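# What the coordinates show
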Amino acid sequence: MPNYRRSWMPGGTYFFTVALWQRHGNDLLVRHVDVLREVVRAVKVTHPFTIHGWVVLPDHLHCVWELPADNADFALRWRLIKMMFSKRIGKGENLSLSRAQRKERGIWQRRYWEHQIRDAADLQAHVDYIHYNPVKHGYVERVMDWPYSSFHHYVRQGWLPADWAGESVVMAEGITT
């Protein structure tokens, strides 16, 4: 198996993009968003991390996590989240020959994208990207209209106004998924 270069920083803060294996026309994540929430809560109990931002879209999700000062193992957390989620939902997805041979479910892409947050400006840019993502993908016209987002927590805390981003927002350069 390839040895992917990852940044392993105890106490690091990371932006993640995690996608379903079959993305086109797949709304599995929003259909089972309550299961995903329960699984994330369960993993946080045994392997803590702080969530700075999260959005769940039909076929992928984005989030920013901060790991404990003595731990850098985000891969274990993702492995557990994906595994527990997969076990909690019914089977029925199409499987490739390779996945069937490995006895894998056909739910998640095997890998995910991660970026280590460099500073406060980078964190802000990525949280803004997360919150604006449902608008970017055309699911809603206003950020506040997407229910599966940490944006609503930010509004309740008074950190952002409910009409944040208004009609449009200019996203920080260099953030792509």
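Residues numbered from 1 in each chain as written. Predicted model: local features only at pLDDT ≥ 70, side-chain atom pairs only at ≥ 80, totals over all residues. Heavy atoms only, no water.

With 15 residues, helix α3 (residues 74–88) should cover 21 Å at 1.5 Å per step; its first-to-last C-alpha distance of 21 Å lies within 8% of that length. Listed in full, the buried residues belonging to α3 are F74, A75, R77, W78, L80, I81, K82, F85 and S86. Looking at the buried residues of α3, the elements they touch are β1 (13–19), α1 (28–31), α2 (33–46), β2 (50–56), β3 (60–66) and β4 (113–116). (Helix = DSSP H or I, 4+ residues; strand = E, 2+ residues; numbered from the N terminus. Expected span 1.5 Å × (residues − 1). Buried < 20%, exposed > 50% of the residue type's maximum accessible area, 1.4 Å probe, protein only. Contact = heavy atoms within 4.5 Å.)

Overall, antiparallel pairing links the four strands, which are arranged β2-β3-β1-β4 in an open sheet. Here the strands that pair on one side only, and so sit at the sheet edges, are β2 and β4. Put simply, the sheet's adjacent strands are angled 10 degrees from each other on average, direction ignored. Examined bridge by bridge, β1 and β3 share seven bridges and lie antiparallel to one another. Across the sheet, T13 pairs through a bridge with E66, a residue of β3. (Pairing = 2+ DSSP bridges. Axes fitted to C-alpha atoms, helices over the stretch in contact; angles between N-to-C directions.)

Moving on to the packing of α2 against α3. Remark: α2 packs on α3, axes separated minimally by 9 Å, with the N-to-C direction vectors making an angle of 140 degrees. Comparing the axis directions of α2 and α3 gives the class oblique. As α2 packs across α3, the resulting crossing turns out to be right-handed. Side by side, α2 and α3 meet where V35, L36, E38, V39, V40, A42 and V43 of the first sit next to R77, L80, I81, M84, F85 and R88 of the second. Residues belonging to the contact of α2 with α3 are distributed by class as follows: 10 nonpolar, no polar and three charged. (Parallel < 35°, antiparallel > 145°, perpendicular 65-115°, else oblique. Left-handed = near helix turned anticlockwise from the far one by under 90°. Nonpolar A, V, L, I, M, F, W, Y, C, P; charged D, E, K, R; others polar.)

Turning to the environment of C63, a few remarks are in order. Counting through the fold element by element, C63 comes out in strand β3. Between the C-alpha atom of C63 and that of T17, which follows or precedes it by 46 residues, the distance is 6.9 Å. Those residues in contact with C63 that lie beyond four places of it in its chain are Y14, F15, F16, G53, W54, W78 and I130.

Any functional reading would require information that these geometric values do not contain.
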